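# A look at the structure
The chain contents come next:
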Amino acid sequence: MKKPAGEEKGRYCVLDDDTAFLEVARGQLSEALPGVAGLFTADPEVALTYARNDPRLLYVIDIRLGDKNGIDIYHDITRISPRARVIFITGDTGGIEYGRMREKALSRGGIDFIEKPIKWHELAIKMQNHLKLIEYQFDLEDRVEERTRMLIHADRLATVGTMVSSIVHEVNSPLTFIKANQETSLLAVQRIRTECGDPETRRLIDETILPGLTDSIQGVRQIEELLRSFRRFYKQEKTLTAIDLLSIIDDVKTLTIYNIRKQAITLNIVNRSREPLEVWGNKQELIQAVTNIVNNAIDAFEGTGVKPRRIEITLDRSDDNLVMTIANNGPKITQEIADNIFQPFLTTKSEEKGTGLGLAIVRQIMKGMGGDIVMRNKQDDRQLVEFVCTIPLYRDRKRSK
Ligand SMILES: Nc1ncnc2c1ncn2[C@@H]1O[C@H](COP(=O)(O)OP(=O)(O)OP(=O)(O)O)[C@@H](O)[C@H]1O
Ligand SMILES: [Mg+2]
């Protein structure tokens, strides 16, 4: 659940049928809780409307509300807003009913019970503490919800992984004999060509059969490489190793090349470092992260008239970090999206195309490696959208053994 804008400070609602008291409450609490919006009302219906609009509201309710009872009103509020919190107040401190009423108020979910005359400063401190707790609880619940959805997504990925593994296996078997047959045919044709005296047959072999066979062998090799990348990507390994960034980029290239060509994009890879660039982490996760950023860059061109379309991956080092920049010359990312781009479920894509989890997972992977990722719109001689990943370089080679 995303927090509605402007709710960060928390709010409270004071409900009392004594309008003179409400005026004093307004003056005292506004001063003691500056910057926290307060709502003051003598009408229980209005308090219920507030409950409908804002689940984060903290209530301060007088138990005696004319012919109504504040404890019952709170009960109605929690039916609309189950996590609403309340501090009850009362002016009826004498009598034999007092003790029982206090007990009832607390057992019905009141977090506190305060007697009039109110010590405003003390009430304000209590309210502040409860507002913080409410924020904390909501934040925690939001995060649990997000994590749960991410786990479901990861689980779906794992299912896809199992499917891909069996497809890879099924495709691999015929591929092995196709390749063996092609190679035998190639040798046979080459032999026929040397032994054949007929110029017409030799021309046919040179111009049609041999180029055809060579192309087919090349095609099968490409399929094999693609299957290898799939296997590496979906292998359910959690092992950490030293990873060479150039090999990661090779895999990402194989996994994305179809869409890169389809969208007529030029993919350029620039390595500015003279030394090998190795980081420590899980290879599949890193492939997943870079593939996501590249896929996003490919998607960014869709429906635009941008020409020529370019994606550039630059590898460099800065101090003890690897700096990988993935840039594309697609349209600028608006400020609103840029501000939340790493938040889960932010997506501008159709439901079947994007979940909005990609970059949230990428950031988790980067953080897991001790690194981070930032996004920037760059405007010099050309417009660029850049995702910059900074990951600590792997130094201790002995650890990988
Ligand atoms: N290179 C980019 N250029 C323009 N917009 C981008 C770029 N990368 C990401 N975005 C924007 O950020 C949003 C979030 O990206 P993210 O990868 O998290 O999710 P997604 O691509 O929409 O879905 P998913 O990756 O889960 O399939 C995208 O929907 C898109 O609007
Ligand atoms: Mg994505």
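Just above, that's the structure.
Presented here is a report on the structure given in the accompanying data block. Because the structure is a prediction, the values reported are computed rather than measured. (Residues numbered from 1 in each chain as written. Chains lettered and ligands numbered in written order. Predicted model: local features only at pLDDT ≥ 70, side-chain atom pairs only at ≥ 80, totals over all residues. Heavy atoms only, no water.)

## Considerations on the overall build of the protein chain
Helix and strand counts for the protein chain come out as 10 helices and 14 strands. Taken over the C-alpha trace, the protein chain has a radius of gyration of 33 Å; the compact-globule value for 401 residues is 21 Å, which it surpasses by more than 25%. Dimensions of the protein chain, computed from C-alpha atoms along their principal axes, come out at roughly 125 × 50 × 45 Å. With 401 residues in all, the protein chain has 38% of them scored as buried. Accessible area of the protein chain: about 22,900 Å², with a carbon and sulfur share of 53%. (Helix = DSSP H or I, 4+ residues; strand = E, 2+ residues; numbered from the N terminus. Rg over C-alpha atoms; globule rule 2.2 N^0.38 Å. Buried < 20%, exposed > 50% of the residue type's maximum accessible area, 1.4 Å probe, protein only. Areas by Shrake-Rupley, 256 points an atom, 1.4 Å probe, with all protein chains shown as cover.)

## Description of the packing of helix α8 (residues 283-300) against helix α10 (residues 358-368)
Closest axis-to-axis distance for the α8/α10 pair is 9 Å, and the angle between their directions is 140°. Taken together, the axes of α8 and α10 are oblique relative to one another. As for how α8 packs across α10, the hand of that crossing is left-handed. Between α8 and α10, the residues in contact are Glu 285, Leu 286, Gln 288, Ala 289, Asn 292, Ile 293 and Asn 296 and Gly 358, Leu 359, Ile 361, Val 362, Ile 365 and Met 366, respectively. (Axes fitted to C-alpha atoms, helices over the stretch in contact; angles between N-to-C directions. Parallel < 35°, antiparallel > 145°, perpendicular 65-115°, else oblique. Left-handed = near helix turned anticlockwise from the far one by under 90°. Contact = heavy atoms within 4.5 Å.)

## Structural notes on the site of ligand 1
Around ligand 1, the structure places 20 residues, and the nearest of them are Asn 296, Thr 347, Thr 348, Lys 349 and Thr 355. Measuring from an oxygen atom of ligand 1, one finds a side-chain N or O atom of Asn 296 at 2.7 Å. In this structure, Thr 348 approaches ligand 1 through a side-chain N or O atom, which is 2.4 Å from an oxygen atom. Notes on ligand 1: free accessible area 600 Å², of which the protein chains cover 90%. Residue assignment for the shell around ligand 1 shows that the elements contributing at least two residues are α8, α10 and β14 (383-392). The greatest single-element share of the shell around ligand 1, amounting to 4 residues, is contributed by α8. Partitioned by chemical class, the residues of the shell around ligand 1 number 9 nonpolar, 9 polar and 2 charged. (Near = heavy atom within 4 Å. Polar contact = N/O pair within 3.5 Å; in protein donor to acceptor, adjacent residues only side chain to side chain. Nonpolar A, V, L, I, M, F, W, Y, C, P; charged D, E, K, R; others polar.)

## Topic: the nonpolar core
Core analysis: the largest hydrophobic core is formed by 43 residues, its most contacted members being Leu 286, Leu 322, Met 324 and Phe 387. When contributions to this core are tallied by element, the ones reaching two or more residues are α7 (245-262), α8, β11 (309-318), β12 (321-328), α10, β13 (372-379) and β14. Of all the elements, α8 adds the most residues to this core, at 8 residues. If we ignore the near neighbours within four places in the chain, the residues touching Leu 286 are Ile 243, Leu 245, Ile 248, Val 279, Ile 365, Met 366, Met 369 and Ile 391. (Core = buried A, V, L, I, M, F, W, Y, C linked by side-chain atoms within 4.5 Å.)

## Focus on the coordination of the magnesium ion (ligand 2)
Around the magnesium ion (ligand 2), the protein contributes the donor atoms Asn 292 (OD1) and Asn 296 (OD1), at 2.3 to 2.7 Å from the metal centre. In this pair, Asn 292 and Asn 296 are both assigned in helix α8, 4 residues apart and thus about one turn of the helix distant. Look at Asn 292 and you get partly exposed, because its relative accessible area is 22%. (Donors = N, O, S within 2.8 Å, 3.2 Å for Na, K, Ca; no water.)

## What to know about unusual backbone geometry
A cis amide bond links Lys 116 with the next residue in sequence, Pro 117, at an omega value of -5°. In this structure, Pro 117 sits in the loop between β7 (110-115) and α5 (120-195). For the bond running from Lys 307 to Pro 308, omega is -10°, close enough to zero to count as cis. In this fold, Pro 308 is placed in the loop between α8 and β11. Phi at Ala 264 is positive, roughly 50°, even though this residue is not glycine. Following the sequence through the fold, Ala 264 ends up in the loop between α7 and β9 (265-271). The phi torsion at Asp 319 lies on the positive side, around 50°, for a residue other than glycine.

## Topic: the environment of Gly 305
Take Gly 305: it is sitting in the loop between α8 and β11. Residues Gly 305 and Gly 330, spaced 25 residues apart in sequence, show a C-alpha to C-alpha distance of 9.4 Å.

## A few points about the packing of aromatic side chains
All told, the structure shown has 6 aromatic pairs when counted by the stated rule. Here the aromatic rings of Tyr 98 and Phe 113 are separated by 6.0 Å at their centres, their planes lie at 65°, and the arrangement is edge-to-face. Within this pair, whereas Tyr 98 is found in helix α4 (residues 97-107), its partner Phe 113 is found in strand β7, the two being separated by 15 residues in sequence. A ring pair is formed by Trp 280 and Tyr 394, whose centres lie 5.1 Å apart and whose planes are at 20°; its orientation type is stacked. On the criterion of sequence distance, the pair formed by Trp 280 in strand β10 (residues 278-281) and Tyr 394 in the segment after β14 is long-range, its members being 114 residues apart. With relative accessibility at 7%, the residue Tyr 394 sits in the buried group. Arg 83 extends its terminal NZ or CZ atom over the ring of Phe 138, reaching a point 4.5 Å from the ring centre. Lying over the aromatic face of Phe 21, Lys 116 brings its terminal NZ or CZ to 4.1 Å of the ring centre. (Phe/Tyr/Trp six-rings, centres within 6.5 Å; stacked < 30°, edge-to-face > 60°. Lys NZ or Arg CZ within 6 Å of the ring centre and 35° of its normal.)

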